[in-house]
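Given next are the chains, with one letter for each unit.
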Amino acid sequence: MTSSRPRTAKGARGDLFDPACPTRRLLDRIGTKWTSMAVKVLAEAAPHEVRFAELRRRMPGVSQKMLSATLQSLTRDGLVSRRVEPTVPPRVHYRLTDLGLSLEGALATVRAWAEEHMAEIDRANLAHTDG
């Protein structure tokens, strides 16, 4: 079956259906609740750092493993900086980079939209299940 939408060069901007699309790649990286929560906590603390244990306390339900993986991903992508104090045990501190701070605005918009519309989505889901 052929698609009626025009094809664009692999990785071209604007083709969300292309696995190499920058938008799609970004959503794959930041589209999790844990990423959104971590960015929010770090943005609220900016420009100060937040220790790993404090991040975990402020993100109910996140496991140590998931928080660690989320922070590693954010650090690798240049959104978060990580500083380790050479103590026993080591104290690990995180803060948003300028790039990470710029992401907070977009995520805040998504959170605001969710708060405004989640009740409607819940009602639609309930109607779908009951119907």
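Residues numbered from 1 in each chain as written. Predicted model: local features only at pLDDT ≥ 70, side-chain atom pairs only at ≥ 80, totals over all residues. Heavy atoms only, no water.

## Things to note about unusual backbone geometry
In this model, A46 is joined to P47 through a cis peptide bond whose omega is 10°. Backbone torsion omega between V88 and P89 reads -10°, so that peptide bond is classified as cis.

## Remarks on helix 2 (residues 33–45)
This is how it is decided: Here a helix means four or more residues in a row that DSSP labels H or I, a strand means two or more in a row labelled E, and each is numbered from the N terminus. Multiply 1.5 Å by the residue count of a helix minus one, and that product is the helix's expected span. Between buried and exposed lies partly exposed: a residue is buried under 20% and exposed over 50% of the maximum accessible area for its type, with that area taken using a 1.4 Å probe on protein chains only.
Between its first and last C-alpha, helix 2 extends 19 Å over 13 residues, near the 18 Å set by a 1.5 Å rise per residue. Of all the positions in helix 2, only W34, T35, S36, A38, V39, V41, L42, A43 and A45 are classed as buried.

## As for the side chain of S36
How we decide: Whenever two N or O atoms come within 3.5 Å, that pair is a polar contact, provided that in protein one can donate a hydrogen and the other can accept it, and provided that, for residues adjacent in sequence, both atoms are side-chain atoms.
Structurally, the position occupied by S36 is in helix 2. For S36, the side chain forms a polar contact with the side chain of R111, separated by 3.3 Å.

## Observations regarding the side chain of R111
Put simply, the rule reads: Should any heavy atoms of two residues lie within 4.5 Å, those residues are counted as being in contact.
Positionally, R111 belongs in helix 5 (residues 98–130). For R111, a relative accessible area of 19% puts it in the buried group. A distance of 2.5 Å separates polar atoms of two side chains, one belonging to R111 and the other to E104. Among all residues touching R111, those that are not within four sequence positions of it are S36, K40 and E104.

## Brief notes about the confidence of the model for the protein chain
Our working definition: Each residue carries a pLDDT score, the predictor's own confidence in it, on a scale running from 0 to 100.
Mean pLDDT over the protein chain works out to 88, with 89% of the residues at or above the 70 mark. When mean pLDDT is taken per element in the protein chain, strand 1 (residues 50–51) scores highest with 98 and helix 1 (residues 22–30) scores lowest with 84. Across residues 1–8, where pLDDT falls below 50, the model places three contacts with residues more than four positions away in sequence or in other chains.

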